[in-house]
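Tertiary structure, described
Spelled out, the chains give:
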Amino acid sequence: MSLASTTDLDQDTLRRAYGTFPSGVVAIAAQIDGERVGLAASSFVSVSIDPPLVAFCIQNTSGTWPRLAAASHLGISVLGEAHDVAVRTLAAKTGDRFAGLTTSTSDDGAVFVEGASAWLDTTVEQQIPAGDHAIVLLRIHGLDVHSGVAPIVFQGSRFRRLVE
């Protein structure tokens, strides 16, 4: 058996290896100066029940994250199968990231995508530098779980559906 050494760990090899692990996809969004601002993330993870914490990772080069990081509250929408096209729109570098999506906004400015399997109202607890990304730790202040919404899964650079 031969494993790739650190000298063989180029970006393509790492992306291929990371892509073998399936993950869910979330929308992270807020209303800022009257505009919906958001992005899609597949690096979302639960962290703690007490206190209620979740996290995601964001590239240091993101132009959207600095705007969202300053928001008083962030809406996390756990996206479902019906969002397969919308996920690409949310991840786009240009244009209306919310095109074709219906959203709701909380009094604190958190934006939620309709049809998601769960909504979490969060605030930024901490940002931890991690190489070319930051790990963003979020505290949950409220949530709503929508039963019966099958999740969308990202794996191997493709969006997939779970099959029983």
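Definitions and limits used
- Residues numbered from 1 in each chain as written.
- Predicted model: local features only at pLDDT ≥ 70, side-chain atom pairs only at ≥ 80, totals over all residues.
- Heavy atoms only, no water.
- UniProt positions renumbered as here; feature names shortened; annotations may be inferred.
- Helix = DSSP H or I, 4+ residues; strand = E, 2+ residues; numbered from the N terminus.
- Pairing = 2+ DSSP bridges.
- Axes fitted to C-alpha atoms, helices over the stretch in contact; angles between N-to-C directions.
- Contact = heavy atoms within 4.5 Å.

A closer look at the UniProt feature "domain: Flavin reductase like" (unreviewed entry) in the protein chain
- The feature "domain: Flavin reductase like" (unreviewed entry), as annotated in UniProt, sits at residues 18–161 in this numbering.
- Within the segment residues 18–161, helix and strand shares are 10% and 50% respectively, and the terminal C-alpha atoms sit 19 Å apart.

Section: the sheet that holds strand β9 (residues 118–130)
- Reading across the sheet, the seven strands line up as β3-β2-β6-β9-β10-β5-β4 and stay open at both edges, with antiparallel pairing between neighbours. Strands at the two margins of the open sheet, each flanked by one partner only, are β3 (35–41) and β4 (45–48). Within the sheet, the average angular offset between the axes of one strand and its neighbour, ignoring direction, is 35°.
- Both strand β6 (residues 74–78) and β9 contribute to a ladder of five bridges, which runs antiparallel. By the bridge assignment, serine 77 is partnered in β9 with tryptophan 119.
- Packed on one face of the sheet, helix α3 (residues 84–91) meets β2 (26–32) and β3 and runs near 110° to β3.

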